[in-house]
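Okay, here's what each chain looks like letter by letter:
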Amino acid sequence: MATSFTVAILFIALVGYTRLAEAVSENPTASQIRFLLDEDAALRQKLQTRIQGLQQSVSTLNASIVPCSCPLPTTPVPRAQVAYTGTLKSTMSSLNAASVFNFTGDLINVGAPFTPHDAHFVAPVSGIYGFSLATYMTPGRYVLMDLVRENTPILHVKNGHYSGRQVIMGTNFVLANLTKGEHVWPKYTGGSAYLFGEGVSTFSGFLLYEL
Ligand SMILES: *[C@@H]1O[C@H](CO)[C@@H](O)[C@H](O)[C@H]1NC(C)=O
Ligand SMILES: *[C@@H]1O[C@H](CO)[C@@H](O)[C@H](O)[C@H]1NC(C)=O
Ligand SMILES: *[C@@H]1O[C@H](CO)[C@@H](O)[C@H](O)[C@H]1NC(C)=O
């Protein structure tokens, strides 16, 4: 912008001086010279006024620029990580509703929801959790088991077969809305009072998301 105005001023000045030179070369009178000088001054004044107007527009536009207020990147809220899986190390017999199933084989216990002293899953935070229980039986027996939350069933596994037939796995999965501190554990509810362990039967629980 400034450069083009400089060029314009030079151009007009050049034109002015050229005309002045022509006038002088044609034996100009003093009044002719004064006329040309006056014209030159008027053009300069006009340009100066235009430049001032443009400078005013620039500063008005500059003042209208709203400072950028982009939101600062937020640091993610640390999320609870809760993941448990245990297998039953040994086969259990003489089962009843009070039997403690200690699924501690091949243990994964992220966030320590599994508490070894009672063999329960205890919710470290409130949220939606997923649980599975898988029971394995050898021929000729059956077992009915629940996963209970504070002693109320949230999942059933029923598993059994005839003597001499194929071995079988009973498994089930459930989502549960747990409040922090609630306990979940496997409970025997009926059958041959027997559950095959040896690392095959499993109990798992994990936090899907916090509430
Ligand atoms: C525009 O305004 C800023 C301050 O808000 C100033 O630093 C800058 O020099 C101005 N630019 C012009 C061309 O006036
Ligand atoms: C479960 O087994 C672990 C060892 O794997 C032991 O430390 C814990 O006391 C047992 N808990 C129960 C309730 O039997
Ligand atoms: C989970 O339980 C809490 C407390 O009982 C309740 O406020 C919330 O609405 C429940 N959420 C879902 C998804 O069931």
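Residues numbered from 1 in each chain as written. Chains lettered and ligands numbered in written order. Predicted model: local features only at pLDDT ≥ 70, side-chain atom pairs only at ≥ 80, totals over all residues. Heavy atoms only, no water.

If you look the chain up in an unreviewed UniProt entry, it shows as MMRN2-like protein from Mya arenaria. The record held by UniProt for the chain lists under Subcellular location (unreviewed entry) the comment "Secreted". (UniProt positions renumbered as here; feature names shortened; annotations may be inferred.)

Draft legend 1. Seen up close, the site of ligand 2. All residues in the neighbourhood of ligand 2 are listed as Lys89, Val100, Asn102, Thr104, Pro116 and His117. Lys89 places a polar side-chain atom, nitrogen or oxygen, 3.3 Å from an oxygen atom of ligand 2. Separating an oxygen atom of ligand 2 from a side-chain N or O atom of Asn102 is a distance of 2.4 Å. Residues belonging to the shell around ligand 2 are distributed by class as follows: two nonpolar, three polar and one charged. (Near = heavy atom within 4 Å. Polar contact = N/O pair within 3.5 Å; in protein donor to acceptor, adjacent residues only side chain to side chain. Nonpolar A, V, L, I, M, F, W, Y, C, P; charged D, E, K, R; others polar.)

Draft legend 2. Molecular detail of the pattern of salt bridges. In total, this model carries one salt bridge according to the counting rule given. The residue Arg44 makes a salt bridge to Asp40 at a minimum N-O spacing of 3.0 Å. A residue pair is termed a helical-turn pair when its members lie 3 or 4 positions apart in one helix, as Arg44 and Asp40 do in helix H2 (residues 30–63) at four residues. Of the residues examined, Arg44 reaches a relative accessible area of 39% and is grouped as partly exposed. (Salt bridge = Lys/Arg side-chain N within 4 Å of Asp/Glu carboxyl O. Helix = DSSP H or I, 4+ residues; strand = E, 2+ residues; numbered from the N terminus. Buried < 20%, exposed > 50% of the residue type's maximum accessible area, 1.4 Å probe, protein only.)

Draft legend 3. Here's a closer look at the nonpolar core. Among the nonpolar cores identified, the biggest contains 33 residues, and Tyr129, Phe131 and Phe203 are the most heavily contacted of them. Looking at this core, the elements with two or more residues in it are strand S6 (127–137), strand S7 (142–149), strand S8 (152–160), strand S9 (168–178), strand S10 (183–191), strand S11 (194–195) and strand S12 (202–210). At five residues, the largest contribution of residues to this core is made by S6. (Core = buried A, V, L, I, M, F, W, Y, C linked by side-chain atoms within 4.5 Å.)

Draft legend 4. Fine view of the sheet that holds S7. What the five strands build is an open sheet, ordered S4-S5-S10-S7-S8; its pairing is antiparallel. Whereas interior strands pair on both sides, the edge strands pair on one side only; in this sheet they are strand S4 (114–115) and S8. When S7 meets S10, the two strands line up antiparallel, connected through seven bridges. Residue pairing for S10: Leu147 is matched across the bridge by Pro186. (Pairing = 2+ DSSP bridges.)

Draft legend 5. Molecular detail of unusual backbone geometry. For Asp106, which is not glycine, the phi torsion reads 50° and is therefore positive. Take Asp106: it is sitting in strand S3 (residues 105–110).

Draft legend 6. Focus on the pairing of S8. Bridge count for S7 against S8 is eight bridges, and the pairing is antiparallel. Bridge assignment links Leu144 to a residue of S8, and that residue is Lys158. Linking S7 back to S8 in an antiparallel pair, the connection comprises two residues, with Glu150 at a positive phi of about 50°.

Draft legend 7. Expanded view of H2. Helix length check: H2, at 34 residues, gives a terminal C-alpha distance of 50 Å against a target of 50 Å (1.5 Å per residue), a fit within 8%. Regarding H2, the residues found buried are Leu36, Asp40, Leu47 and Ile51. (Expected span 1.5 Å × (residues − 1).)

Draft legend 8. Representation of the side chain of Thr115 in the model. Along the chain, Thr115 falls in strand S4. Its relative accessible area of 17% is what places Thr115 among the buried residues. A polar contact is formed between the side chain of Thr115 and the side chain of Asp118, at a distance of 2.5 Å. Excluding residues within four positions of it along the chain, Thr115 makes contact with His120 and Val122. (Contact = heavy atoms within 4.5 Å.)

Draft legend 9. Structural context of the environment of Pro116. Mapped onto the elements of the fold, Pro116 is located in the loop between S4 and strand S5 (120–122). Put simply, Pro116 and Asn102 are 14 residues apart on the chain and 7.6 Å apart in space, counted from C-alpha to C-alpha.

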